[in-house]
Amino acid sequence: MRFARLFESLRLPRRSRSEISTDPVTGRTQFRKPFFILASTVIGLFVINIALGSVKIPLGEIFSILTGSSKDSIWADIIWQFRLPKAVTCVLAGSALATSGLMMQTLFRNPLAGPDVLGLSSGASLLVAVVILASASSQWMLPISTNPWSVALAASAGSVLVFLLVMAIAQKIKDNVSLLIIGLMLGAATSSVVSVLQFLSKAEDLQAFMIWTLGSVGGTGWREIQVLAFILMIGIMIAFLSMKSLNAWLLGENYAQSLGVNIRGSRFWIVLSTSLMAGSVTAFCGPIAFVGLAVPHLVRLLIETNNHKILLPAVMMGGASLILFCDILAQLPGSTQILPLNAVTSLIGAPVVIWVVMKNKRSVVI
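Residues numbered from 1 in each chain as written. Predicted model: local features only at pLDDT ≥ 70, side-chain atom pairs only at ≥ 80, totals over all residues. Heavy atoms only, no water.

(A) Looking closely at the packing of aromatic side chains. Across all of its chains, the model carries two aromatic pairs by this definition. Between the aromatic rings of Phe209 and Trp212, the centroid separation amounts to 6.1 Å while the plane-to-plane angle is 25 degrees, which identifies the pairing as stacked. Taken together, the residues Phe209 and Trp212, both in helix 10 (residues 203–213) and three residues apart, mark about one turn of the helix. Taking the relative accessible area as the measure of exposure, Trp212 reaches 12% and is therefore buried. Between Phe268 and Trp269, the aromatic rings sit 5.2 Å apart at their centres with planes inclined by 75 degrees, giving edge-to-face as the arrangement. According to the relative accessible area criterion, Phe268 is partly exposed, its value standing at 30%. Taking relative accessible area as the criterion, Trp269 reaches 45% and is therefore assigned partly exposed. (Phe/Tyr/Trp six-rings, centres within 6.5 Å; stacked < 30°, edge-to-face > 60°. Helix = DSSP H or I, 4+ residues; strand = E, 2+ residues; numbered from the N terminus. Buried < 20%, exposed > 50% of the residue type's maximum accessible area, 1.4 Å probe, protein only.)

(B) A look at the layout of surface pockets. Volume-wise, the largest pocket comes out at about 560 Å³. The wall of the largest pocket is formed by 26 residues, among which Lys86, Gly218, Asp327, Gln331 and Ile338 lie closest to the centre. Residue assignment for the lining of the largest pocket shows that the elements contributing at least two residues are helix 5 (73–108) and helix 16 (308–330). Grouping the constituent residues of the lining of the largest pocket by class yields 13 nonpolar, 10 polar and three charged. (1 Å grid on protein atoms, 1.4 Å probe; cavity = no way out; pocket = protein on both sides within 12 Å on 5 of 7 lines; lining within 4 Å. Points joined across faces, edges and corners; volume = space filled by probe spheres on them. Nonpolar A, V, L, I, M, F, W, Y, C, P; charged D, E, K, R; others polar.)

Here it is, written out as structure tokens:
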């Protein structure tokens, strides 16, 4: 009974009990306004993302193209083959990375945890470096490096290998802190190998790899989006099925176990979901920093709750909004130049997180 009361208190928003009605209908409607704001932001930024670009297309013509009533084939190709896939990729990648970050922060009870704490991004970077840097110097591997799907497959394989290694280690240890440290060390080890490959590679190959590490949502077509959406759907379904155990993890491992949570099974599914989402986004878009770390904290400023039934969909919309916004800035409206997505996310995100920490410390405490 004592644990149940404590668990119930953590599920409530951080407000006084007198301000919160126990009526289920009222409990649902109190978050309608924040959800409406997030949904409107996603839709608005999605439209702006499609409308902006090096080629100016009137907004009315864009709606005509989307409804199939436009007769301008050139503008239609620009929208359907370039801008719309990029905007859809922003939504998918932002939702997946933000959800992964929320799950890792809850599992490890660490506000600085993100989807890359398990070394998945580093593992993906290692095999991508092998394909781009090492294969370029070996003629027998040249056909692999010229395959347009080779980078995505290499990044996926790297993430999977690191995931299997982390899960094998997780079976031997019971402490989440030790698992976090091991994940960080795996990331450091793979990064050192990548540094050696960079030092030994040619300048043109190094440039290609560095462009990949800067992150981009503009390199996916509809075929890649179908694969990405399928994998992300599986990861997000696992995340929603793990909502109850995530709420229990807020109390710590011992309390979660006392509430009947299968510790090993729950940790396996949470890590699997994170690996699927973060690994697939890294495979098709490259490593995108900051989103998984900062979005959960920013969403908690708008929705003051620790209940994952509310946080998960809110964080998904927040992640989609952030990447859409950063991609709009990266396009440099009115210019033909495009900035690296990672540079924009970090440039915007780092000051925001510092301000959040200094303004309200409670907002970053799980």
